[in-house]
Structures are given as C-alpha cells and as structure tokens.
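What follows is the residue order along each chain.
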Amino acid sequence: MRLRGSVVMITGAARGIGRACALRAAAEGADLVLVDVDGDLSEVPYSLGSPAQLEHTADLCRKEGASVLVAPADVRSAEAVEAAVELGIDRFGTITGLINNAGIGAPSGKPAHEFTEQEWQVMLDVNVSGEWRVLKAVVPVMLRDGGGSIVNVASTAGLVGYRHFAGYVASKHAVVGLTKSAALDYAPHDIRVNALCPGPVRDDPAMDGQMTAVVADALGISYDEQEAVYLESVPTNALVDPLDVADAAVWLVSGESRRVTGTVITVDSGFTAR
Ligand SMILES: NC(=O)c1ccc[n+]([C@@H]2O[C@H](COP(=O)([O-])OP(=O)(O)OC[C@H]3O[C@@H](n4cnc5c(N)ncnc54)[C@H](O)[C@@H]3O)[C@@H](O)[C@H]2O)c1
C-alpha cells in the first residue's frame, strides 16, 4: 500500500494507460480523481474515451477499495481543468500526485509539411498545452500543502523521431522539456516532476486501449502488421503492456522515488537503447 494517504489525479483515465494507472494506484491505497474528456473531438479522427469507460475505470478502482471522484474535463479548457481540480479539493482536501496522461495519437500519418494548421494545433493543444494546464491547476494545491509528485506521460516519441508523426513527436519532445523546467521550478518546494516515456505498447483489451490501432490506422496498415513492426523494433521481443507503464507511474508518484526529479524514464522494452 505504497500510496495510502495519497490523492492522485489521473487524466485520460477512461481507458488504456490511464485506466492501468488508476487500477495500480487504487491497489496501492490511493484515493483518485479520474479525469477524461466528455465526448469526441471533431479534430481527432477516432473515438476518444467515453463517459461509460470512465465510469467503468472508477468502478474497477472502487472494487480495489479506493474512494473515487469522476471529474470529466477536456484538457484543452483551463476552466474545465480548474473545475475538476476544485471538485477534487472539495472531496479529498488535497491532491498529492498527478499522472498527466491524457493524449491523442492522431491526426498523423503524413509528412510534416502536409499537416493543416488545425491538425498541428490540436496535437499541441491536447498533448503538451493540456499537460501544462493540468500542472498549472494542480501546482498551487501542492505548494499550499507542502509538496507532491507530477508524472508527465510523454513517449519514446519524446526522445526520437517517428516518420509521419511530426506533430505527435513535437508535442512529446515538448512534454520532456516542460518536465525538466518544471522540475527545476518546483524542486525547492518538494514538488517532483518527471516524464515517463512508454515505448511500443500493445492495446490491452482489458484496458480498452486504442493507441496502437490508431497508429496502424494513421499509417494505413492492420493492427497485426503494426504489432509486427513494433516487435521488430524492440530487442526484448515483447511489447509493453499498459500495466508495465502504470507500475513505473505509481513508483514515480510514491515516496520510494523521493530523490527522483527532472528525469525521463523509458518503459519501452529497450527500443531506445539501440
Ligand atoms: N499506447 C502507446 O503506444 C503509447 C506510447 C507512448 C505514449 N503513450 C501516451 O500515453 C498516454 C495514454 O495513451 P493511451 O495509449 O492510453 O491512449 P488511449 O487513446 O487509449 O487513451 C488516451 C485517453 O486520453 C483521453 N483524452 C484525449 N484527449 C483528451 C482531452 N482533450 N481531454 C481529456 N482527455 C483526453 C482519451 O479520451 C483517452 O481516454 C498518451 O499521452 C499517449 O500519447 C501511449
């Protein structure tokens, strides 16, 4: 129960890595504020997490014994994010950990110069400005209450390039930069900020994850072909599961990592070691 007494806010909690983080945090004794968008975005060419999926995550966490607040918010809206944080404070009094995980993988699938202004903007607005907005809303609470831990979910795309994913790659490199600067800003206040870079993650049906299917769609290949490409790319011959990423996220929000800040941790089956 490494998170007993903790209150952890997790964005993008309806499914995928966010759901896995919620389950692991609940099993470690945390109380949870679970956030996800309340409907699809017209600029994003696939379905996002639904309110029913967010409620399902919450139910699974309650079965683990967690107290859970569901607080829908689009991370593109500062007002919605601030309202979610306020609901969390009303319910639990504080927020001690943030897993800043909401993100989109498309529009993608073309050379950099072919993205429209709107396609470029939505990627940055959700993936990096969204994480900044949530950090901006949560940090005053952590400053008031004497510390905390923030995990910004980036990607191996925050470390290396991917062909036909320039917007996604740019957004995730920016998340790494945000993380390092924020770690320096808040180190004197005992607020740690770290980036987590998952590598080729398989879509786990138990988590309703979609991202590898989204990547395959963007590239015009099948899910199985995309998994084969991923497997070729890793030295371990095994893809990452969302729960593998969640284990690292839980460690980063727990006191076991109390001297870890400003760092970038890959969970990528060795992909970036080559
Ligand atoms: N799965 C992978 O292969 C992989 C690899 C590296 C990094 N990541 C990153 O991990 C994070 C989670 O991805 P995932 O694989 O679970 O994908 P996913 O699509 O299954 O889940 C992402 C969640 O974020 C939510 N979201 C999207 N836009 C939002 C918005 N504007 N406001 C609030 N919520 C929003 C979605 O509704 C969804 O529930 C993302 O930041 C992603 O970039 C994923």
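No experiment lies behind these values; they were computed from the predicted model shown. (Residues numbered from 1 in each chain as written. Predicted model: local features only at pLDDT ≥ 70, side-chain atom pairs only at ≥ 80, totals over all residues. Heavy atoms only, no water.)

Novice: Can you help me understand the nonpolar core in this one?
Specialist: Membership of the largest hydrophobic core comes to 47 residues, with the highest contact counts inside it found for Met9, Val33, Val85, Ile104, Val138 and Ile150. Broken down by secondary-structure element, the contributors of at least two residues to this core are strand E1 (7-11), strand E2 (31-35), helix H3 (78-92), helix H4 (117-145), helix H5 (166-186), strand E6 (191-198) and helix H6 (211-219). No other element matches H4, which puts 10 residues into this core. Filtering out sequence-adjacent residues up to four positions away, methionine 9 remains in contact with Val33, Val35, Ala84, Val85, Ile95, Gly97, Leu98, Ile99, Val134 and Val138. Core analysis: the second largest hydrophobic core is formed by 36 residues, Ala20, Ala30, Val68 and Ala248 among them. (Core = buried A, V, L, I, M, F, W, Y, C linked by side-chain atoms within 4.5 Å. Buried < 20%, exposed > 50% of the residue type's maximum accessible area, 1.4 Å probe, protein only. Helix = DSSP H or I, 4+ residues; strand = E, 2+ residues; numbered from the N terminus. Contact = heavy atoms within 4.5 Å.)

Novice: What exactly am I supposed to notice about the packing of aromatic side chains here?
Specialist: Under the definition given, this model contains two aromatic pairs. On the basis of an interplanar angle of 65° and a centroid distance of 6.3 Å, the ring pair of phenylalanine 115 and tryptophan 120 is categorised as edge-to-face. What makes tryptophan 120 partly exposed here is its relative accessible area of 30%. Taking 5.9 Å as the distance between ring centres and 20° as the angle between the ring planes, the aromatic pair formed by tyrosine 162 and phenylalanine 271 counts as stacked. (Phe/Tyr/Trp six-rings, centres within 6.5 Å; stacked < 30°, edge-to-face > 60°.)

Novice: So what exactly am I meant to see when it comes to the environment of aspartate 125 here?
Specialist: Of note, aspartate 125 is situated in helix H4. Note: C-alpha distance between aspartate 125 and serine 77 (48 residues apart in sequence) is 9.5 Å.

Novice: Just to check I follow, could you spell out the pattern of salt bridges for this structure?
Specialist: Once the charged atoms of two side chains with opposite charge are near each other, the side chains can pair. All told, the structure shown has 11 salt bridges when counted by the stated rule. Salt-bridge contacts for glutamate 119 lead to lysine 110; the nearest nitrogen and oxygen are separated by 2.9 Å. Measuring nitrogen to oxygen at the nearest pair gives 2.7 Å for the salt bridge that ties aspartate 125 to arginine 133. (Salt bridge = Lys/Arg side-chain N within 4 Å of Asp/Glu carboxyl O.)

Novice: Would you mind showing me how to read the site of the ligand here?
Specialist: Every one of the 29 residues lining the ligand counts as a neighbour, but Ile17, Asp36, Gly49, Asn101 and Tyr168 are closest to it. Take valine 75: an N or O atom from its main chain is 3.0 Å from a nitrogen atom of the ligand. Protein chains bury 98% of the 830 Å² of accessible surface belonging to the ligand in isolation. For the shell around the ligand, the secondary structure elements donating two or more residues are helix H1 (16-27) and H5. Among the residues forming the shell around the ligand, the class breakdown is 16 nonpolar, nine polar and four charged. (Near = heavy atom within 4 Å. Polar contact = N/O pair within 3.5 Å; in protein donor to acceptor, adjacent residues only side chain to side chain. Areas by Shrake-Rupley, 256 points an atom, 1.4 Å probe, with all protein chains shown as cover. Nonpolar A, V, L, I, M, F, W, Y, C, P; charged D, E, K, R; others polar.)

Novice: Where do I start with the state of the cysteines in this structure?
Specialist: Two cysteines form a disulfide when their sulfur atoms are joined by a covalent bond. All told, the structure shown has zero disulfides when counted by the stated rule. Lacking any disulfide linkage, cysteine 21 is separated from the closest cysteine sulfur, that of cysteine 61, by 10 Å. Since its relative accessible area comes to 1%, cysteine 21 is described here as buried. Residue cysteine 197 stays outside any disulfide, its sulfur separated by 14 Å from that of cysteine 21, the closest cysteine. Owing to a relative accessible area of 0%, cysteine 197 belongs among the buried residues under this scheme. (Disulfide = S-S within 2.5 Å.)

Novice: Is there a simple way to explain the pairing of strand E4 (residues 97-100) in this structure?
Specialist: Looking down a regular strand, the side chains alternate between one sheet face and the other. Judged by which residues are buried, E4 turns out to be covered on both faces: Gly97 and Ile99 on one side and Leu98 and Asn100 on the other are all buried. In this structure, E1 lies alongside E4, joined through three bridges in parallel fashion. The partner of methionine 9 across the bridge, within E4, is leucine 98. On the question of chirality, the crossover connecting E4 to the parallel strand E5 (residues 148-153) by way of H4 is right-handed. (Pairing = 2+ DSSP bridges. Right-handed = clockwise from strand over helix to strand, strands pointing away.)

Novice: Help me understand the environment of threonine 156 in this model?
Specialist: Along the polypeptide, threonine 156 turns up in the loop between E5 and H5. Spatially, the C-alpha atom of threonine 156 lies 8.5 Å from that of valine 267, the residues being 111 residues apart in sequence. Aside from chain neighbours lying at most four places away, what touches threonine 156 is Tyr162, Cys197, Pro198, Gly199, Asp268, Phe271 and Thr272.

Novice: How do you make sense of the sheet that holds E1 when you look at a structure like this?
Specialist: Pairing between sheet strands relies on hydrogen bonds along the backbone, with the strands arranged either parallel or antiparallel. Here seven strands make up an open sheet; going across it, the order is E3-E2-E1-E4-E5-E6-E7 and the pairing parallel. Edge positions in the sheet fall to strand E3 (68-70) and strand E7 (264-267), since each of these pairs with one other strand and no more. For this sheet, the mean angle separating the axes of adjacent strands, direction not counted, is 20°. The pairing of E6 with E7 spans four bridges and is parallel. Looking at the pairing, alanine 195 lines up with valine 264 of E7. Along the sheet face, H1 touches E1, E2, E4 and E6 and points at about 170° away from the line of E2. (Axes fitted to C-alpha atoms, helices over the stretch in contact; angles between N-to-C directions.)

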